[in-house]
Number of protein chains: 2
Amino acid sequence: MRDISVLTERDLRGCVHLDRTAVDVVEQAFRALASGKVVMPPILSMDLPDVHGEVDVKTAYIPGFAGFAIKVSPGFFNNPKLGLPSLNGLMILFSAQTGLVDALLLDNGYLTDVRTAAAGAVAAQHLAPREVTTAGVIGTGVQARLQIIAAHLVRPFKKVLVWGRDAGKATACARDIAAAIGVEASATDDPAALVRDSQLVVTTTPAREPVLKAEWLHPGLHITAMGSDQAGKNEIDPAAVAKADLFVCDRLSQSEKLGELRSARAAGFKPVPPELGEIIAAAKPGRRADGDITICDLTGTGAQDTAIATHALAAARKAGAGAVIQA
Amino acid sequence: MRDISVLTERDLRGCVHLDRTAVDVVEQAFRALASGKVVMPPILSMDLPDVHGEVDVKTAYIPGFAGFAIKVSPGFFNNPKLGLPSLNGLMILFSAQTGLVDALLLDNGYLTDVRTAAAGAVAAQHLAPREVTTAGVIGTGVQARLQIIAAHLVRPFKKVLVWGRDAGKATACARDIAAAIGVEASATDDPAALVRDSQLVVTTTPAREPVLKAEWLHPGLHITAMGSDQAGKNEIDPAAVAKADLFVCDRLSQSEKLGELRSARAAGFKPVPPELGEIIAAAKPGRRADGDITICDLTGTGAQDTAIATHALAAARKAGAGAVIQA
């Protein structure tokens, strides 16, 4: 018999925040990835066409972290008809020393939201120009909000522009961002102008055709593309990838299969891009000049999950949150 | 907010038993496997040499089952030095309709023990000769006991022979089996004699060199090999696989990589064996005569996990066992 912490979404929302600490722990995971000592198997994916569902399982062991997470992310796309969310999921945190279960994090995807936004902040911290006065976001969902809130932690810009296919959603997103971080934020109906007026742009869409075109690129721009996480998705014009001074991905093997590198490769892009962790660890060069154009593709890694889950358990213990089961 | 059942090992031991119902539900999973409609991704495996550990994740979606399980099985082989078990694990049961978590089964491997033994009974039911008077087991661990208890449900033999490298453990195993099912059971120091005198033999070892030799085979023998579940393991002499009238595996793709078919293939065995589910579904022929020699290799499938987890939740609800978390 031993103690297992059980933390619900409510518990976790109370003690894990999208703050500098979360960004730092995710940065640490990326740095570790570059060491070559992380064990991160390919994502286990199960497609369930019968029920319009899919399930992904991610994990990673990171030396130096007290635990490793296994994250299960189901997506069942008939759920909205039943009044249920499509996406949910949980993480299980195991002791890295004994393999015993330390915690069940019943987060319904909340920790994924946090670690995904934190990864965006890590990308911005290491790749965006030093001065960002305006940040733009393409997309109007939860990650559009969180990516901008996270990026603001590392580049305290004054102004935010939001574009989405639905103008009403873009307006609501801008309003929420303004309320969250106290900057001027507005919706625009012109994504080209959004990119032109921004030094940092985040794309957060499920697009299958590029939403950001090569001709919109300008010196001193950094783009983080976090939408593509499946074969078939594509946010960034392959010509933009070729045109940028630097293209970076979170995990090469994933970006080629699930991310922006897939469509760039299909269009003839040959270089082997660095991984974000290699730039953090200074193993490969990042941005060389304020005028460079940089693009970072984030597909989401099990290392981020292990990082946020370890952080969440520590935060919950500190806060005395959650329940304990003897099992 | 919704209800998630949480069941500990103690809860599960109280309501899930190695009985005919467990065997039937596992048989149902094997039959479904043959339908081609089961979705069962390859096992996610993570080797952690730094900490002498490994983690396997198995899952399968079976049409007609209310849920699907994801099973995480860590094995950390320094644990005994810390007074902890090497193997443990848990299953998460998701609704097959919505992907939402229905139950957390903190079984520490108990359900795996039950479903593994139940699969042995399914193999014996469909492949052993009709009359079994003596059953032999090679190996003296938990599965040696459970495999014999399970096989007795489908072939009510009168006598059991046990062989293991450690004579004391073999004697203890025989004593436990006799107490559990009320048959005559004794240890032997001669595995050749054990096989000669048995009509049903189960091998339950972690052997990396064959423990059952081809020259011991005799007409009217069925062997179930359940030990091999990793590349490198091998219980059955490849010449025995070639000599048998029928070789069957639980999952061809797994048996070739992790099971007895791996070493048989390396020794030149070419045929494509049937899967157990195909024999259950009568899609392929099984034993043709009482004098046939049959061998069944069980590597363990995610389908068995989904079957036992679904059964466990139903049994726990019926018994009012476990706790409920709102998450």
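Some points on the overall build of chain A
Then comes step 1: From N to C terminus, chain A includes 11 helices and 14 strands.
Then comes step 2: Against the globule reference of 20 Å for 327 residues, chain A gives a C-alpha radius of gyration of 19 Å, in line with a compact fold.
Then comes step 3: For chain A, the spread of C-alpha atoms along the principal axes amounts to about 60 × 45 × 40 Å.
Then comes step 4: Considering chain A as a whole, with its 327 residues, one finds that 58% of them fall into the buried category.
Then comes step 5: Within chain A, contacts between residues at least 6 apart in sequence are counted, and of these 72% link residues at least 24 apart.

Quick notes on the nonpolar core
Then comes step 1: Judged by nonpolar contacts, the single largest core of 220 residues is most densely connected at Leu105(A) and Leu105(B).
Then comes step 2: In this structure Leu105(B) touches Leu7(B), Leu12(B), Leu90(B), Met91(B), Leu93(B), Leu111(B), Ala309(B) and Ala312(B), once residues within four positions along its chain are discounted.

Description of the relation of the copies chain B and chain A
Then comes step 1: Rotating chain B by 180° and moving it 0.0 Å along the rotation axis overlays it on chain A with an RMSD of 0.0 Å. Taken together, the rotation and translation relating the two chain copies correspond to the operation of a two-fold axis. Residue Leu44(B) of chain B places its C-alpha closer to the rotation axis than any other residue of that unit, at 3.1 Å.
Then comes step 2: A share of 100% of the interface residues of chain B reappears at the interface of chain A, consistent with the copies meeting face to face through the same patch.

Description of the sheet that holds strand β9 (residues 184–187) of chain B
Residue and element names in this part refer to chain B.
Then comes step 1: Spatially, β9-β8-β7-β10-β11-β13-β12 is the arrangement adopted by the seven strands of the open sheet, whose pairing is parallel. Since the sheet does not close on itself, it has two edges, and those belong to β9 and β12 (246–249), each with one partner. Neighbouring strand axes in the sheet, compared pairwise and without regard to direction, differ in orientation by 15° on average.
Then comes step 2: Alignment of β12 against strand β13 (residues 294–297), held across four bridges, turns out to be parallel. Residue pairing in the sheet places Leu-246 in a bridge with Thr-294 of β13.
Then comes step 3: Here helix α4 (residues 142–154) sits on the sheet and contacts β7 (134–138), β8 (159–163) and β10 (200–203); the angle it forms with β7, its principal contact strand, is near 160°.

Digging into the interface of chain B and chain A
Then comes step 1: At the interface, 41 residues of chain B touch 41 residues of chain A.
Then comes step 2: Of all the secondary structure elements, the ones that give two or more residues to the side of chain B that touches chain A are β1 (3–8), β2 (44–48), β3 (53–60), β4 (67–76), β5 (90–95) and β6 (101–106) of chain B.
Then comes step 3: The class makeup of the residues in the side of chain B that touches chain A is 28 nonpolar, 10 polar and three charged.

Quick look at the confidence of the model for chain A
Then comes step 1: Across chain A, the average pLDDT comes to 96, with 100% of residues at or above 70.
Then comes step 2: Reported for the predicted complex are a pTM of 0.91 and an ipTM of 0.89.

A look at the domain arrangement of chain A
Residues and elements named next belong to chain A.
Then comes step 1: Per the domain assignment, the segments making up chain A are domain 1 (3–112 + 303–326) and domain 2 (119–300).
Then comes step 2: Between the C-alpha centres of domain 1 and domain 2 the distance comes to 24 Å.
Then comes step 3: The greatest single-element share of the side of domain 1 that touches domain 2, amounting to eight residues, is contributed by helix α2 (residues 20–34).
Then comes step 4: Class assignment of the residues belonging to the side of domain 1 that touches domain 2 gives a composition of six nonpolar, one polar and three charged.

Re helix α5 (residues 167–181) of chain A
The α-helix winds at 3.6 residues per turn, so residues separated by three or four positions along the chain end up facing the same way.
Residue and element names in this part refer to chain A.
Then comes step 1: Here α5 spans 21 Å end to end across 15 residues, near enough to the 21 Å set by a 1.5 Å rise per residue.
Then comes step 2: All of the buried residues along α5 are Ala-170, Cys-173, Ala-174 and Ile-177. For α5, the arc enclosing every buried residue in end-on projection is 100°, short of the 170-degree limit, so these residues lie on one face. Facing away from the buried surface of α5 by more than 90 degrees, the exposed residues are Gly-168 and Ala-179.
Then comes step 3: Looking at the packing, one finds that the buried side of α5 touches α4 (142–154), β8 (159–163) and β9 (184–187).

Thoughts on the environment of Pro129(B)
Then comes step 1: The residue Pro129(B) is located in the loop between α3 (110–127) and β7 in this model.
Then comes step 2: The spatial distance from the C-alpha of Pro129(B) to the C-alpha of Arg288(B) is 9.7 Å, given a sequence separation of 159 residues.

Re the sheet that holds β5(B)
All names here are of chain B.
Then comes step 1: The strand order β2-β3-β4-β5-β6-β1-β14 describes an open sheet built from seven strands, whose pairing is mixed. Edge positions in the sheet fall to β2 and β14 (323–326), since each has one partner strand and no second. Within this sheet the neighbouring strands show an average axis-to-axis angle of 15°, counted without direction.
Then comes step 2: Two strands pair when backbone bridges link them, and β5 and β6 are joined in this way by four bridges, in the antiparallel orientation. By the bridge assignment for β6, Leu-93 is matched with Ala-103.

Things to note about helix α11 (residues 302–319) of chain A
Residues and elements named next belong to chain A.
Then comes step 1: Over its 18 residues, α11 runs 25 Å from end to end, which matches the ideal 26 Å to within 8%, given 1.5 Å per residue.
Then comes step 2: Most of α11 is tucked away, with 14 of its 18 residues classed as buried.
Then comes step 3: Looking one or two residues past α11, Gly-320 carries a phi angle of roughly 65°, positive in sign.

Looking at the packing of α4(A) against α5(A)
Residue and element names in this part refer to chain A.
Then comes step 1: Running from N to C, α4 and α5 cross one another at 30°; their axes reach a closest spacing of 10 Å. In terms of axis orientation, α4 runs roughly parallel to α5. Pair α4 / α5 crosses with right-handed handedness. In contact with Ala-144, Arg-145, Ile-148, Ile-149 and His-152 of α4, α5 contributes Cys-173, Asp-176, Ile-177, Ala-180 and Ile-181.

Reading guide: rules and limits
- Residues numbered from 1 in each chain as written.
- Chains lettered and ligands numbered in written order.
- Predicted model: local features only at pLDDT ≥ 70, side-chain atom pairs only at ≥ 80, totals over all residues.
- Helix = DSSP H or I, 4+ residues; strand = E, 2+ residues; numbered from the N terminus.
- Rg over C-alpha atoms; globule rule 2.2 N^0.38 Å.
- Buried ≥ 20, exposed ≤ 12 C-beta atoms within 10 Å, placed from the backbone.
- Contact = placed C-beta atoms within 7 Å.
- Core = buried A, V, L, I, M, F, W, Y, C linked by C-beta atoms within 7 Å.
- Least-squares fit on C-alpha atoms with pLDDT ≥ 70 in both.
- Pairing = 2+ DSSP bridges.
- Axes fitted to C-alpha atoms, helices over the stretch in contact; angles between N-to-C directions.
- Nonpolar A, V, L, I, M, F, W, Y, C, P; charged D, E, K, R; others polar.
- pLDDT = per-residue confidence, 0-100.
- Domains from an automatic or database assignment.
- Expected span 1.5 Å × (residues − 1).
- Arc of directions from axis to C-beta.
- Parallel < 35°, antiparallel > 145°, perpendicular 65-115°, else oblique.
- Left-handed = near helix turned anticlockwise from the far one by under 90°.

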